[in-house]
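Fold and contact review
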Amino acid sequence: SQINNSATNPTTSGAGVGHGSVLFSGNGITTITLRVFMRGNGRGARWNNSTTPSNGGDSFTIGVSTLENDLAVSKTVSNSTPTVGSNVIFMINATNNGPSNDSAVSVTDLLPSGYSYISYSPSTGTYDNITGIWNIGTLNSGSSATLSIAAMVNATGNYTNTASITGFNADPVSTNNTASVSTTPTVIDSDGDRVPDSLDLDDDNDGILDTTEGQC
């Protein structure tokens, strides 16, 4: 790649200034060599990396930035209107949109009070249901990882589930670092006693426990 300044009279700002950026991307890069060819404006007696005009000369500056990548998280739920006591599955997708690889990616998704944790299944990494942290580790540029969390819907509580993603590198795009999904549970109350069937020991109110009726 080249950064070219073809101005007749190069200046320190405006149309005559030489500036630009070059992206180095890849695996196993240990050395980067930059070759600079300069054409002075003829007023300086020597090359001089100084911004003070009285010092004379011409100057250039090279800046190197740290790695960065755009991490994104999205999520869905298997049923947005589940019945109380039934199970739902939350699917979380973590993506590295690049340009750099990231070696320390994690997603935090702690189930709110409206759900009881059952199990999880990741494409990579491990999930801790106590802390809500899904430790992915390395997520290369252009790659994705998925996590499914199975949970039971409680009779009461917060039903909005939120996931957030972080990594080691700088992330210039923060708008896609968090994703939320909600459910609106429905209650089945067969005998109208205001106790959900999932919690009612006698949901048909016939005086016989449901567990006993199920054995007959």
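Residues numbered from 1 in each chain as written. Predicted model: local features only at pLDDT ≥ 70, side-chain atom pairs only at ≥ 80, totals over all residues. Heavy atoms only, no water.

Quick look at the pairing of strand 6 (residues 133-139)
Bridge count between strand 3 (residues 102-108) and strand 6: five bridges; the pairing is antiparallel. Bridge pairing links Asp-102 to Leu-139 in strand 6. Both strand 5 (residues 126-128) and strand 6 contribute to a ladder of three bridges, which runs antiparallel. Residue pairing in the sheet places Tyr-127 in a bridge with Trp-134 of strand 6. Count of turn residues in the strand 5/strand 6 antiparallel hairpin: four residues, of which Gly-132 carries a positive phi of about 80°. (Pairing = 2+ DSSP bridges. Helix = DSSP H or I, 4+ residues; strand = E, 2+ residues; numbered from the N terminus.)

Considering the pairing of strand 8 (residues 160-166)
In regular strands, side chains alternate between the two faces of the sheet. Taking every second residue as pointing to the same face, the buried face of strand 8 carries Asn-161, Ala-163 and Ile-165, while none of Thr-160, Thr-162, Ser-164 and Thr-166 on the other face is buried. Strand direction decides the pairing type here: strand 3 and strand 8, joined by three bridges, are antiparallel. Counterpart to Thr-108 in the pairing with strand 8 is Ser-164. Relative to strand 9 (residues 178-182), strand 8 runs antiparallel, the two being bridged by five bridges. When the bridges of strand 9 are listed, Ala-163 appears paired with Ala-179. (Buried < 20%, exposed > 50% of the residue type's maximum accessible area, 1.4 Å probe, protein only.)

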